[in-house]
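# Secondary and tertiary structure notes
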Amino acid sequence: MPLLPKRVKYRKTQRGSRKGFASRNIHLSFGSYGLQSLERCWLTNIQIEAARVALTRNMNRRGKLWIRVFPDKSVTARPPETRMGKGKGQPEFWVAVIKPGTIIFELDGLAEVDAKECFRLAASKLPMRNRFVTRERRLVF
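Residues numbered from 1 in each chain as written. Predicted model: local features only at pLDDT ≥ 70, side-chain atom pairs only at ≥ 80, totals over all residues. Heavy atoms only, no water.

## With respect to the sheet that holds strand E7 (residues 130-134)
- If you walk across this open sheet you meet the four strands as E3-E6-E1-E7, and the pairing is antiparallel. The outermost strands of the open sheet, each flanked by one partner alone, are strand E3 (64-67) and E7. For this sheet, the mean angle separating the axes of adjacent strands, direction not counted, is 20°.
- Bridge count for strand E1 (residues 33-37) against E7 is five bridges, and the pairing is antiparallel. Within E7, the position partnered with Leu35 by the bridge is Phe132.
- Relative to E3, helix H1 (residues 45-59) is tilted by about 170°, and along the sheet it contacts E3 and strand E6 (103-108). (Pairing = 2+ DSSP bridges. Helix = DSSP H or I, 4+ residues; strand = E, 2+ residues; numbered from the N terminus. Axes fitted to C-alpha atoms, helices over the stretch in contact; angles between N-to-C directions. Contact = heavy atoms within 4.5 Å.)

## Side note on the side chain of Thr102
- Mapping Thr102 onto the fold places it in the loop between strand E5 (90-98) and E6.
- Within the structure, Thr102 has its side chain in polar contact with the backbone oxygen of Lys99 (distance 2.8 Å).
- Residues within four places of Thr102 in sequence aside, it is in contact with Ala22, Asn25, Leu35, Gln36, Ser37 and Val69. (Polar contact = N/O pair within 3.5 Å; in protein donor to acceptor, adjacent residues only side chain to side chain.)

## Some words on helix H2 (residues 112-123)
- Between its terminal C-alpha atoms H2 stretches 16 Å, which fits the 16 Å expected from 12 residues at 1.5 Å a residue.
- For H2, the set of buried residues is Ala115, Cys118, Phe119 and Ala122. Viewed end-on, H2 has its buried residues packed into an arc of 95°, placing them on one side of the element.
- Its buried side turned inward, H2 meets E1, H1, E6 and E7. (Expected span 1.5 Å × (residues − 1). Buried < 20%, exposed > 50% of the residue type's maximum accessible area, 1.4 Å probe, protein only. Arc of directions from axis to C-beta.)

## Topic: unusual backbone geometry
- The phi angle at Arg61 is positive, at roughly 60°, despite the residue not being glycine.
- You can see Arg61 is positioned in the loop between H1 and E3.

## Topic: a positive patch on the surface
- A grouping of Arg11, Lys12, Arg15 and Lys88 is seen on the molecular surface, where their side chains present a positively charged patch.
- Mapped onto the elements, Lys88 comes out in the loop between strand E4 (73-77) and E5.
- With relative accessibility at 43%, the residue Lys88 sits in the partly exposed group. (Patch = residues over 30% accessible without salt bridge, like charges linked within 9 Å, V, L, I, M, F, W, Y side chains within 5 Å. Areas by Shrake-Rupley, 256 points an atom, 1.4 Å probe, with all protein chains shown as cover. Salt bridge = Lys/Arg side-chain N within 4 Å of Asp/Glu carboxyl O. Lys, Arg positive; Asp, Glu negative; His and termini not counted. Charge placed at Lys NZ, Arg CZ, Asp CG, Glu CD.)

Take a look at the structure:
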């Protein structure tokens, strides 16, 4: 089941600004280990799901996983070879706006080396640079 909102107030959103650093979702709240973003990007629902599958497959039914981001912004696109004008295109996919410092995933119930390997596999599915953070070693910008 794809990640997307059940209902939104407006179907078509503006692009908005991605500048600055994350001010919320910057500390580990649930697990002992986390994957923190170092760059800004739009993370699509498909990319989040691919990283989640990579994480859960490597965890072997051990530990608990929290997904700390949700794709709630719609991105529209026009059909190819369409003339200019005639309004905004239809919503094509959903993204989560990621700023530097955002915690994307959290894990608990695994050894640190296992958690690091899980996050390494998940980070290979994501379009930005990330780093592994633990509760003991708080890394802020």
